[in-house]
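# Geometric and topological summary
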Amino acid sequence: MRPLWQRRASRRDLVFLVVWILLAIASFALAAHYTTKIVAISRKPTPVSVIGVYGTTTMRGEYVPEADYVSNDAGQYLWITLPSSATKVLLSGTKGAKCVAEVSGTNQDWKSVPNARPQVTLNTNGYHGSVDAFDVRGADVLKCSLHLGSAERFTTDALRLYYPSSYHALNDANLFDAPKLRFVNDASSAEHIQVVGAAALGGAVQLEPGDDAIVRWDVTTQESLRDLYLVIIGTLIAFGAALTIEVFRKLIEIALPD
């Protein structure tokens, strides 16, 4: 029997071996790539969204303002309902965003009202940077096209909500905080909302002045995509394993005696 290194495999056998080895490596590499993708954890800091509603002394006796974050096929936007005594709203991350203050007329048609957007600088424990100060006097609603939150994990988004007190935010003794601000995540793909650093009530976040809360939620569309990736990963591993077996089988055939 001739030694293995002296035997001659056909060109066809060698081509099959090279193709199968390359395909097996590619299958395992893709499986590893998708596995890393769905288990990765973001190392970026959770983005901070500053939201504050301020007005006259009568605000303290009025209903709690509500900030609804809506995400659907039409886009993402923050919709803040305002007490009649509200005069200013602070919002961060609105650069380039379309924002409009609106008031309902007698026939319930919405009419836009002017809203100046001067910037103020915050330097607090919760936030350092510039935010927009909207003039909302006479408005019922402030609506901004905003995308809130970022991917913390493949299926989880996170957001920091900071509600600065009027003293730290505007340094204006004539303006008072809304005693609470209710934040509701109405994103169509959000579920299992978790809150750390503030009170949670019925899936909503109850912010008090000075609160710096982290909100997390599962993204249903990403969960569906993760399940698809798991099927693809399993298929790639099975395909790569089958190719590896064929490579060894072919090597054994070449190594057998003539």
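These lines cover the structure that appears in this document, whether it is placed above or below.

Cut-offs and rules
Residues numbered from 1 in each chain as written. Predicted model: local features only at pLDDT ≥ 70, side-chain atom pairs only at ≥ 80, totals over all residues. Heavy atoms only, no water. Disulfide = S-S within 2.5 Å. Helix = DSSP H or I, 4+ residues; strand = E, 2+ residues; numbered from the N terminus. Buried < 20%, exposed > 50% of the residue type's maximum accessible area, 1.4 Å probe, protein only. 1 Å grid on protein atoms, 1.4 Å probe; cavity = no way out; pocket = protein on both sides within 12 Å on 5 of 7 lines; lining within 4 Å. Points joined across faces, edges and corners; volume = space filled by probe spheres on them.

Turning next to the state of the cysteines. Enumeration over the complete set of coordinates arrives at one disulfide. Here Cys99 is linked by a disulfide to Cys144, with a sulfur-sulfur distance of 2.0 Å. Residues Cys99 and Cys144 are joined through a disulfide that is right-handed, its torsion about the S-S bond being 120°. One end of the pair, Cys99, is in strand E5 (residues 99-104); the other, Cys144, is in strand E9 (residues 141-144), with 45 residues separating them in the sequence. What makes Cys144 buried here is its relative accessible area of 1%.

With that settled, consider the layout of surface pockets. Considering only enclosed or pocket space, the largest pocket measures out at about 200 Å³ in volume. As for the largest pocket, its lining consists of 16 residues, and the residues nearest its centre are His147, Asp157, Ser189, Trp217 and Val219. Elements represented by at least two residues in the lining of the largest pocket include exactly strand E2 (66-72), strand E10 (150-153) and strand E17 (212-219). Element by element, the count of residues in the lining of the largest pocket is highest for E10, at three residues.

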